[in-house]
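Listed here are the chains, written in short residue letters.
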Amino acid sequence: ADWMLEFACYCLCRHFREGSAAEFRRWRNVAQALINDLSKIPTHQKKTVYLCQLLIRIEKGKNLECHFESDQRISPLESALSFWTLLEREEIKLEKLHKDIRCLIQIQIVAVHMESGYFKEAAEVLERLFTDSETDKPLRVKLATVIKSKDPYVPLLQSFSYNLLLSKIKSYIELFMKENETNFLIQAATKQVESKGLGATALQNKTMNVNENHKRNLKTKRRFVLSIILLRDMLGQMQNCCLNVDSSLVWMYINCLLGLNSLQNMEKHGDALVGGRRRQRWTYKEDLELKSGIREFGVGNWAKILVHGDFNNRTSVMLKDRWRTLCRSN
């Protein structure tokens, strides 16, 4: 389940960054199911698990009726702060961003309580948040003064707003995604076929007698073969799968396997891939297909739009970029 959790975390980050609430909830369920199935967190996955738990809690941050801890006094943001502390221990190179996000979470824990009129609870949470260290004292004193005023609209809380917290979290996500951007399915599929001794046989069956005209397609063909092998094995195991995640996992595989659509288009338009993918102009018809797909499936569901639309050798990333371009031009 290693690659599945990494992929779920990557999708969770992407949809949090893009503000796609429905897709975020879908991948939240997938990630949470995978995390719950861990008897203990492997060392190499600590950062992944902590980040998933942080985002899940930040997304519910303003809902004081939602509880993630057995102690009902602990709000979602206070729970998020504990995971942010764990994330800080996993890396040291982002000290300034870490400090900013920690400060914003602390301020918003108090602010959310005050906005709901829970001034007594805000005072109690202040006691839990801060130690007696001199480093924490300035912010602790300011927040204590704010609570006494019983005014949730004071400049301090307005300047360090929830939107600013979300913006900082998204900045952190951007860095995480750049560092961890990779093709999880292909990596996992390669390990799978190699471990079973299928790699050489499967690839030879599909790629033998390849002439010069088709050599440029070899990489994509291999990706497709590996994907199909993994999909076959994984879907065969899903009957005994302990994860209760409706059809989310199936859609995850479909998202990964959209290389099939690209492969079919590539066979029709092989010249477009000589020396790598060339930039090709979007046609009026493709723009209409994109707009139609967005109306049907919504912004962010690029995989579904790609599968159901009639596009000329496009990927889901290209659809997302084109939609951004269309939005800017309007």
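All values reported here derive from a predicted model rather than from experimental measurement.

About the cut-offs
- In this convention, every chain numbers its residues from 1, walking through the sequence in written order.
- Reporting in this predicted model follows two pLDDT cut-offs: at least 70 for local features of residues, and 80 or more for side-chain atom pairs to be given and counted; totals over whole chains, interfaces and linings ignore these cut-offs and use all residues.
- Heavy atoms from the whole structure form the basis of all side-chain values; hydrogens and water molecules are not counted.
- Each residue gets a pLDDT score, which is the predictor's confidence in that residue and runs from 0 to 100.
- Numbering of helices and strands starts at the N terminus; helices are DSSP runs of H or I of at least 4 residues and strands are runs of E of at least 2.
- Throughout, a residue-residue contact means that at least one pair of heavy atoms, one from each residue, lies within 4.5 Å.
- When the centres of two rings from Phe, Tyr and Trp lie within 6.5 Å, Trp using its six-membered ring, the rings pair. Their planes under 30 degrees apart give stacked, over 60 give edge-to-face, and anything left gives tilted.
- The cut-offs for exposure are 20% and 50% of the maximum accessible area for each residue type, with area from a 1.4 Å probe on protein chains only; residues under the lower value are buried, those over the upper are exposed, and the others partly exposed.
- Under the convention used throughout, the expected extent of a helix is 1.5 Å for every residue step, that is, one less than its residue count.
- Working definition: the arc comes from the directions between the helix axis and the C-beta atoms, pointing outward to the latter.
- Counted as salt bridges are all cases of a side-chain nitrogen of Lys or Arg within 4 Å of a carboxyl oxygen of Asp or Glu.
- Buried Ala, Val, Leu, Ile, Met, Phe, Trp, Tyr and Cys residues that are joined via side-chain atoms within 4.5 Å together make up what is termed a nonpolar core.
- All axes are obtained by fitting lines to C-alpha atoms, using only the stretch in contact for helices, and the reported angles, taken between N-to-C directions, cover 0 to 180 degrees.
- The cut-offs work like this: below 35 degrees is roughly parallel, past 145 is roughly antiparallel, 65 to 115 is roughly perpendicular, and the gaps in between are oblique.
- Note on convention: the crossing is left-handed when the near helix lies turned anticlockwise from the far helix by less than a right angle, right-handed when the turn is clockwise.
- Three classes are used, and their members are as follows: Ala, Val, Leu, Ile, Met, Phe, Trp, Tyr, Cys and Pro are nonpolar, Asp, Glu, Lys and Arg are charged, and the others, Gly among them, are polar.

## Describing the confidence of the model for the chain
So, step 1. When pLDDT is averaged along the chain, the result is 78; 69% of the residues meet or exceed 70.
So, step 2. The weakest mean pLDDT in the chain belongs to helix H14 (residues 259–268) at 45; the strongest belongs to helix H3 (residues 46–59) at 94.
So, step 3. Of the regions scoring below 50 in pLDDT, residues 199–213 engages in 8 contacts with residues more than four places distant in sequence or in other chains.
So, step 4. Below a pLDDT of 50 lies the segment residues 241–248, which in the model reaches 12 contacts outside its immediate sequence neighbourhood of four places, other chains included.

## What about the packing of aromatic side chains?
So, step 1. Within the structure shown, the criterion is met by 5 aromatic pairs.
So, step 2. Ring centres of Phe7 and Trp27 lie 5.7 Å apart, and the angle between their planes is 75°; this geometry places the pair in the edge-to-face category. Of the two residues, Phe7 sits in helix H1 (residues 2–18) while Trp27 sits in helix H2 (residues 21–36), which places them 20 residues apart along the sequence. Residues Phe7 and Trp27 agree in their burial class; the two are buried.

## Notes on helix H17 (residues 316–329)
So, step 1. Its 14 residues give H17 an end-to-end C-alpha distance of 20 Å, which sits within 8% of 20 Å, the value for a rise of 1.5 Å per residue.
So, step 2. Listed in full, the buried residues belonging to H17 are Leu319, Lys320, Arg322 and Leu326. Within H17, the buried residues cover an arc of 165° as seen down the axis, which keeps them to one side.
So, step 3. Against H1, helix H15 (284–297) and helix H16 (302–308) lie the buried residues of H17.

## Remarks on the pattern of salt bridges
So, step 1. Tallied over the entire structure, the rule returns 14 salt bridges.
So, step 2. Residues Arg128 and Glu78 are paired through a salt bridge, measuring 2.9 Å at the closest nitrogen-oxygen approach. Of this pair, Arg128 sits in helix H6 (residues 119–129) while Glu78 sits in helix H4 (residues 76–90), and the two are 50 residues apart along the sequence.
So, step 3. Ionic pairing is found between Arg102 and Glu88, a salt bridge with its closest N-O pair at 2.8 Å. In this pair, Arg102 sits in helix H5 (residues 95–115) while Glu88 sits in helix H4, placing the two residues 14 residues apart along the sequence.
So, step 4. In this structure Glu88 comes out as buried when scored by relative accessible area, which is 18%.
So, step 5. Within the structure, one salt-bridge network assembled from shared partners comprises Arg17, Glu18, Glu174 and Lys320.

## Let's talk about the nonpolar core
So, step 1. The biggest cluster of nonpolar side chains holds 62 residues, and the ones touching the most others in it are Leu51, Leu54, Val110, Leu143 and Leu165.
So, step 2. Tallying contributions element by element places H1 first for this core, with 11 residues.
So, step 3. Aside from chain neighbours lying at most four places away, what touches Val110 is Ala122, Val125, Leu126, Leu129, Leu143 and Ile147.

## A look at unusual backbone geometry
So, step 1. Here the phi dihedral of Lys150 falls at roughly 55°; this positive angle occurs in a residue that is not glycine.
So, step 2. Here Lys150 lies in the loop between helix H7 (137–149) and helix H8 (155–159).

## Quick notes on the environment of Glu65
So, step 1. Within the secondary structure layout, Glu65 lies in the loop between H3 and H4.
So, step 2. Each C-alpha atom of the pair Glu65 and Ser75 lies 8.1 Å from the other, and the pair is 10 residues apart in sequence.

## Some remarks on the packing of H1 against helix H9 (residues 162–180)
So, step 1. At their nearest, the axes of H1 and H9 sit 10 Å apart, and the two run at 140° to each other. By the angle between their axes, H1 is oblique relative to H9. As for the relative orientation of H1 and H9, their crossing is left-handed in sense. Contact residues: Cys9, Tyr10, Cys13, Arg14, Phe16 and Arg17 in H1; Leu166, Ile169, Lys170, Ile173, Glu174, Phe176, Met177 and Asn180 in H9.
So, step 2. Looking at the contact of H1 with H9 residue by residue, the class counts come to 9 nonpolar, 1 polar and 4 charged.

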